[in-house]
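A look at the structure
Chain residues, written in single-letter form:
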Amino acid sequence: MITVADILALPAVHSWKMLGGKPAALQRKVWNLGIMDASMGDDAYSEYRPGEFILTNLGFARDEPQLADASLCAMVSRDLAALAVRNTHDLPITDDAIAASNASGTPLIVYEGEYFEQVIFQGMKLLERDKVDSDIARLIDGLLQSRTAESIREVFYDAIKASGSTVQCAVLRPTGGDEASLYAQIDELVDVATSIKKEWERVETANVFRYHDCAIVLVTYNRPPAAFGIQTESEFMQLLRPHGRLVGGISEELPLGEGDLAVREAFAALEGAKPGREPLVRWAGMGLTAFRRAAQSDRLISSTCELYQQMLRDQDEKGDSDLLGTARALAEACGDVRAAAEALFQHPNTVRYRLRKLKSVMNMEDATDRQFTRFLMLVFLV
């Protein structure tokens, strides 16, 4: 989706100021761009449609400020995405026009930059580009619902003409949540993809595209790695690291028929990325967190964890002494009773008593302490 903010971030727009409308209006969807080059007639600009980004230089009014004012007031009432004025004739934009903008929600913007024909040219190219990316995004949405290796490979072929052996994915998001600059940063990532395609011998395809509020980098390889896949992940990170305005997650290299997992891994790793401190996170480097994220995304595992935790909550409500907290402490202490007791501010014998009670509640009286601890660590994985 292209927004008002995306249009205002075009190279042809050098600077801008919002006179009317709320900041949230910068996220209004733009589906078309047009020009207001004539004064209001009897039809009150009926040919303009909601959601259009309209530009004008008010040249038709020139030395007629009242005509310019009336035209602006009429135009903002059309529920446009935005009305942007390149005020080359220095006509006053009155409080009436600003009030009409605030009342309608259509942002009234003044800007400096190239002729509005150039803004429209760049804007229409951006809309065309966004349509292509949106089509790919829909294919990715379908990918995440696919179940067979064959269907997943078909999606990758339809999206990026990939038919190779393996795939690797990186998902990146602007650090400040600034979608307006996302395409500019995507252009930088295109250079990374070009470098990968040129310098990495095994690479079949390297593509970058927008997926909602993120950028996705997909690299497919024509043969499996000779060495462990983490090597390519490290090289991937070195290429992406200079782009400090982004945080990202990087998947392992997986068979193309498991490409949906590469996308899921990258998104899960992205959740752990933090600006400055840890801007890029590898799925293979997440350790226990990777298992937790995987368990959270699997409904059967997460519901099973919740089932056993709820059993302990129910038992605690009947009057038992914090079995849920004790079980969690034992899991975090890897079965070390003394460490769990210190965390709970309890005597070790109290924890040992509760451990026996826990085994009874879970119908695992015959399990050794080590076996039961492994079970508890799974219960509290999510």
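Structural data are supplied above this passage.
A few points on the structure. (Residues numbered from 1 in each chain as written. Predicted model: local features only at pLDDT ≥ 70, side-chain atom pairs only at ≥ 80, totals over all residues. Heavy atoms only, no water.)

Digging into helix H12 (residues 337-344)
Among all positions of H12, only Val337, Ala340, Ala341 and Leu344 are buried. Down the axis of H12, the smallest arc covering the buried residues is 100°, so these residues share one side. Turned more than 90 degrees away from the buried face of H12, the exposed residues are Arg338, Glu342 and Ala343. Where H12 is buried, its residues touch helix H11 (323-332) and helix H13 (348-361). The backbone nitrogen of Arg338 has a side-chain oxygen 3.1 Å away, supplied by the residue at the start of H12, namely Asp336. (Buried < 20%, exposed > 50% of the residue type's maximum accessible area, 1.4 Å probe, protein only. Helix = DSSP H or I, 4+ residues; strand = E, 2+ residues; numbered from the N terminus. Arc of directions from axis to C-beta. Contact = heavy atoms within 4.5 Å. Polar contact = N/O pair within 3.5 Å; in protein donor to acceptor, adjacent residues only side chain to side chain.)

Describing the environment of Glu204
Tracing the sequence through the fold places Glu204 in strand S7 (residues 203-211). On a C-alpha basis, the gap between Glu204 and Tyr183 in space is 24 Å, while along the polypeptide they are 21 residues apart. Contact partners of Glu204, with chain neighbours within four places excluded, come to Lys161, Ala162, Ser163, Gly164, Lys197, Thr220, Tyr221 and Asn222. One polar contact links the side chain of Glu204 to the main-chain amide nitrogen of Gly164, over a distance of 3.1 Å.

So, the pairing of S7
Taken across its 9 residues, S7 has 7 buried, putting it largely inside the fold. Bridge count for S7 against strand S8 (residues 214-221) is 8 bridges, and the pairing is antiparallel. Along S8, the bridge assignment pairs Thr205 with Thr220. (Pairing = 2+ DSSP bridges.)

Here's the deal with helix H3 (residues 95-104)
Taken together, the buried positions of H3 are occupied by Ala97, Ile98 and Ser101. Along the axis of H3, the buried positions cluster into a sector of 100°, meaning they face one direction only. In H3, the exposed positions that point more than 90 degrees away from the buried face belong to Asp95, Asp96 and Ala103. Backbone geometry just after H3 places Gly105 at a positive phi near 90°.

Focus on the environment of Ala24
Mapping Ala24 onto the fold places it in the loop between strand S1 (13-20) and strand S2 (32-35). C-alpha of Ala24 to C-alpha of Ala266: the two residues are 242 residues apart in sequence and 29 Å apart in space.

Here's the deal with the nonpolar core
Core analysis: the largest hydrophobic core is formed by 47 residues, its most contacted members being Val4, Ile7, Phe53, Leu55, Leu189 and Phe236. Looking at this core element by element, the count peaks at 7 residues for helix H6 (residues 182-199). Core analysis: the next-biggest nonpolar cluster, separate from the first, contains 32 residues, Ile136, Ala159, Leu256 and Ala262 among them. (Core = buried A, V, L, I, M, F, W, Y, C linked by side-chain atoms within 4.5 Å.)

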